[in-house]
Amino acid sequence: MELLNRPRRLRTTPEIRSMVRETRMSPSSLIQPLFAIEGENIKHEIPSLPGQYHWSPDRICEAVQECVDAGVDKVILFGLPAEKDEVGSGAWAENGIVQQAVRVIKKNFPNVTVITDVCMCEYTSHGHCGILCDHYVDNDKTLEVLAKTALSHAQAGADMVAPSDMMDGRVGAIRKILDDNGYINVPIMAYSAKYASAFYGPFRDAAGSAPSFGDRRSYQMDPHNVREAIYECELDVREGADLLMVKPALSYLDVIVKARQRFDLPIAAYSVSGEYAMIKAAAAAGLIDEYRIMCESALSIYRAGADILITYYAKELAEAMRKGDIG
Ligand code: PBG
């Protein structure tokens, strides 16, 4: 048969297939989330996130060592304080839980990039991401506490801060306070397009940060919208963001594609707790091949245009990249 074009020619051997891959990724683009909890000698598995743990500051370096051994040298920290209050003052306490974790990790692993999530929801008694005025999260009052929190993370030694609260103007407020205090080289990874998503469910159990009333729809984005995501990214760029983020990842690949087309800054995607928990649960039920689904899901996020991936599978993905199963 006369057939000039045979795309299958380039699929004949694993070597050729790997040569013509259009999507390349490396472990240097992976970030592992870690949960620091107040207390001593704690390594407790998180029920909603199998394989993820709460770590007290005296043990969290074990988790970092595991990451480094797997080839992952970037972590993003979340904190569970001993006490919460109305304004979330634990978030910017000099000896707060994230501040302690940052210090001990940077002391033991100076070459590990420590990123901190900047938000109030783990620290407020009501679980909302800012300061309440009646039942509404007051944007401008929240900016002050977010800025203080980001500064305290930088003072503790954080390499990068990542505001996830979705208040208007927070990137600008954080950039200003960091610059005024001499932290001109601490980059801001902005959770620019963060949607009001049910995929955060397992995280809220893990972080004890579910809102005690209402939901987050007056500050996080409506999942119906994509032009608004571009607008949010645009504002963050103007306010001085160094990296943009889309979150969640898998149900928002179109948002990643559009952000990639429009912006030249690095784009991170956060494959969130619900995405991880669904794969874990389906695998535990014997319904899917966990390893291959993990690989294919991550790969699709990079193919959409993400440069950086925050994922609870960071260690396993680094291994898969090293073996050449992806990447
Ligand atoms: C804090 C924050 C959340 C996540 C990251 N930062 C929870 C939320 O917004 O409710 C979710 C991460 C995940 O689900 O893995 N605001």
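No experiment lies behind these values; they were computed from the predicted model shown.

## Some details on empty space enclosed by the protein
Overall, the coordinates contain 3 cavities of 30 Å³ or more when judged by the stated rule. One number sums up the size of the largest cavity: a volume of about 150 Å³. Forming the boundary of the largest cavity are 20 residues, of which Cys121, Lys194, Tyr200, Phe203 and Lys247 lie nearest the centre. Secondary-structure elements contributing two or more residues to the lining of the largest cavity are strand 9 (189-194) and helix 6 (201-207). In terms of residue class, the lining of the largest cavity is made up of 10 nonpolar, 4 polar and 6 charged. If you add up the space inside the second largest cavity, you get close to 110 Å³. Lining the second largest cavity are 14 residues, with Ser271, Ile279, Ser297, Thr311 and Tyr313 sitting closest to its centre. Looking at the lining of the second largest cavity, the elements with two or more residues in it are helix 9 (273-284), helix 10 (290-304) and strand 12 (308-311). Here the lining of the second largest cavity takes 4 residues from helix 10, the largest share from any one element.

## Some remarks on unusual backbone geometry
Look at the link from Lys247 to Pro248: it is a cis peptide, with omega at -10°. Locating Pro248 in the fold gives a position in the loop between strand 10 (243-247) and helix 8 (253-262). Even without being glycine, Asp134 reaches a positive phi, approximately 55°. Turning to its location among the elements, Asp134 is positioned in the loop between strand 6 (132-133) and strand 7 (136-137).

## What about the packing of helix 7 (residues 227-239) against helix 8?
At their nearest, the axes of helix 7 and helix 8 sit 10 Å apart, and the two run at 45° to each other. The angle between helix 7 and helix 8 falls in the class oblique. In terms of crossing hand, the pair formed by helix 7 and helix 8 is right-handed. Residues Ala229, Ile230 and Glu234 of helix 7 lie in contact with helix 8, whose contacting residues are Val255, Lys258, Ala259 and Arg262. Each residue belonging to the contact of helix 7 with helix 8 can be placed in one class, and the counts come to 4 nonpolar, no polar and 3 charged.

The rules behind each value
Residues numbered from 1 in each chain as written. Predicted model: local features only at pLDDT ≥ 70, side-chain atom pairs only at ≥ 80, totals over all residues. Heavy atoms only, no water. 1 Å grid on protein atoms, 1.4 Å probe; cavity = no way out; pocket = protein on both sides within 12 Å on 5 of 7 lines; lining within 4 Å. Points joined across faces, edges and corners; volume = space filled by probe spheres on them. Helix = DSSP H or I, 4+ residues; strand = E, 2+ residues; numbered from the N terminus. Nonpolar A, V, L, I, M, F, W, Y, C, P; charged D, E, K, R; others polar. Axes fitted to C-alpha atoms, helices over the stretch in contact; angles between N-to-C directions. Parallel < 35°, antiparallel > 145°, perpendicular 65-115°, else oblique. Left-handed = near helix turned anticlockwise from the far one by under 90°. Contact = heavy atoms within 4.5 Å.

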